[in-house]
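# Structural characterization, general
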Amino acid sequence: MLRDISVSAVVAGFVTVLVGFTSSAVIVFQAAQALHATSAEIASWMWALGLAMGLTCIGLSLRYRVPVVTAWSTPGAALLVTGVAGVTMPEAIGAFIVSGLLIVLMGVTGWFERAMQRIPLGIASAMLAGVLLRFGMGAFTALQTQLVLAGSMIATYLILRRFLPRYAIVGVLLCGLLIAGTQGLLHLEGIRFELAMPIWTTPVFTLSSIASVALPLFMVTMASQNVPGVTVLRANGYTPPISPIIATTGLTTVLLAPFGAFAINLAAITAAICMGKDAHEDASKRYMAAVAAGVFYVLIGLFGATVAALFAAFPRELVLVVAGLALVNIIGNGLALAMRDEHQREAAIMTFLVTASGLTLFGIGSAFWGLIAGAVTAVVMHKK
């Protein structure tokens with residue numbers, strides 16, 4: 001394992017955490033506040049979520065020697081923001097546990113893995129490209145608000161991709177921090193080191209909270225998070241056993257739910273960062289990027305509010321450019337695989353367009369509906 005560690009893998013892990021945290025942490029804060037959580041309880045949520053993501057990233061990646069990246073359920077958090085009216089914190093914790101147990105059931109029985117094996121690679125790759133497209137475009141829309149910062153980072157990327165491709169994202173990140181610092185865009189004054197303390201909440205199980213919180217949270221997490229997460233692994237050539245991985249994320253949710261871990265699942269967008277050539281030229285060594293991400297997630301959990309303030313100090317454009325450029329090759333590979341099979345090409349295009357549209361119906365994100373659109377198109381065009 002020590003021989004597989006590299007600077008590029010550590011940076012890829014850091015970028016993974018940076019993108020994952022800055023893009024959705026505010027939704028988690030809002031979800032906790034919707035349940036009238038105190039500041040100490042919100043810090044406990046970050047402790048539990050950081051620990052859950054970190055330990056699963058490290059443990060699963062080392063176990064299977066593939067970059068397994070986990071995350072909190074962002075759609076699940078968004079669901080909590082609007083769907084917990086009249087639900088108390090103990091009832092919500094009980095619902096989190098029930099949702100986690102349902103995920104464990106899907107993993108232990110193998111039902112989820114068998115369903116995923118029926119999705120053609122071209123359609124799955126098109127869905128991946130559609131999910132990542134808006135992040136790739138974000139690197140260039142950042143030029144509208146921070147021309148010098150974003151333009152310099154993009155120029156650095158092109159030069160380093162030509163001469164030192166392995167360290168392109170490292171250079172982009174350092175260039176962004178340097179320019180942001182000289183322009184006064186880094187706001188580090190409010191940062192102070194402070195350990196988060198876990199707070200136990202005894203769960204309460206009610207039929208109403210299970211119906212209104214647990215079941216929707218389970219369905220959204222499986223459809224909008226775990227399906228794209230498996231797709232990212234498959235599209236990048238990794239085929240670890242999915243059932244035990246899904247079961248592990250569900251069990252981790254159950255164990256840490258009383259402290260605020262509402263839903264842990266496979267990551268998709270952030271996972272792709274750990275699977276590209278920028279993480280390591282050798283695909284068999286990219287698992288160390290996920291391990292590094294796990295270490296950073298554990299630090300987030302331990303220091304809670306401190307790390308949140310640190311990531312918040314980065315300008316939004318810096319995060320957009322780093323994320324977008326880190327995903328360029330992944331988007332390209334996804335499109336190439338999607339277009340390779342002429343018979344599935346139309347279904348793949350339909351999947352890509354629906355996924356990239358950002359469509360949300362019944363609280364389920366566009367990745368799921370992209371798969372549905374591709375499957376329907378494939379069945380209509382090729383009945384066999």
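What counts, and where the lines are drawn
In this convention, every chain numbers its residues from 1, walking through the sequence in written order. With the structure being a predicted model, the display of local features is reserved for residues of pLDDT at least 70 and the display and counting of side-chain atom pairs for 80 or more, all residues being used for whole-chain, interface and lining totals. Here the side-chain values reflect all heavy atoms present in the structure, with hydrogen atoms and water set aside. We count a stretch as a helix when DSSP gives it H or I for four or more residues in a row; a strand needs E for two or more, and each element gets its number in order from the N terminus. Radius of gyration: over C-alpha atoms. The globule rule applied is 2.2 Å multiplied by the number of residues raised to the 0.38 power. Partly exposed describes any residue whose relative accessible area lies between the buried limit of under 20% and the exposed limit of over 50%, with all areas from a 1.4 Å probe on protein chains only and scaled to the type maximum. We call two residues in contact when some of their heavy atoms are within 4.5 Å. Using the Shrake-Rupley algorithm and a 1.4 Å probe, accessible areas are obtained, with residue cover drawn only from the displayed protein chains. Two residue types count as positive, namely Lys and Arg, and two as negative, namely Asp and Glu; His and chain ends fall outside the count. By convention, the charge on Lys lies at NZ, on Arg at CZ, on Asp at CG and on Glu at CD. A cavity here means a set of 1 Å grid points, computed over protein atoms only, where a 1.4 Å probe fits but cannot escape. A pocket is an open set with protein on both sides within 12 Å along at least 5 of 7 lines, and lining residues have an atom within 4 Å of a point. Grid points are joined across faces, edges and corners, and a volume is the space filled by probe spheres set on the points.

Below, the discussion takes up the overall build of the protein chain. Counting secondary structure elements, the protein chain contains 17 helices and 2 strands. Here the C-alpha radius of gyration of the protein chain, 20 Å, is about what a compact globule of 384 residues would show, namely 21 Å. C-alpha atoms of the protein chain, sized along the principal axes, occupy 65 × 60 × 40 Å. A burial count over the protein chain gives 58% of its 384 residues as buried. Considering only contacts within the protein chain whose residues lie at least 6 apart along the sequence, 84% involve residues at least 24 apart. Taken as a whole, the protein chain presents about 16100 Å² of accessible surface, with 68% of it coming from carbon and sulfur. Here the protein chain contributes 19 positively and 13 negatively charged side chains, and the mean placements of these two sets differ by 10 Å.

Here we come to empty space enclosed by the protein. In the structure shown here, the tally under the stated rule is 2 cavities of 30 Å³ or more. The volume enclosed by the largest cavity comes to roughly 60 Å³. For the largest cavity, the full set of lining residues is Ser 8, Val 11, Ala 12, Ile 169, Val 170, Ile 273, Asp 278 and Ala 326. Counting residues per element, the ones that place at least two in the lining of the largest cavity are helix 1 (7–34) and helix 8 (168–182).

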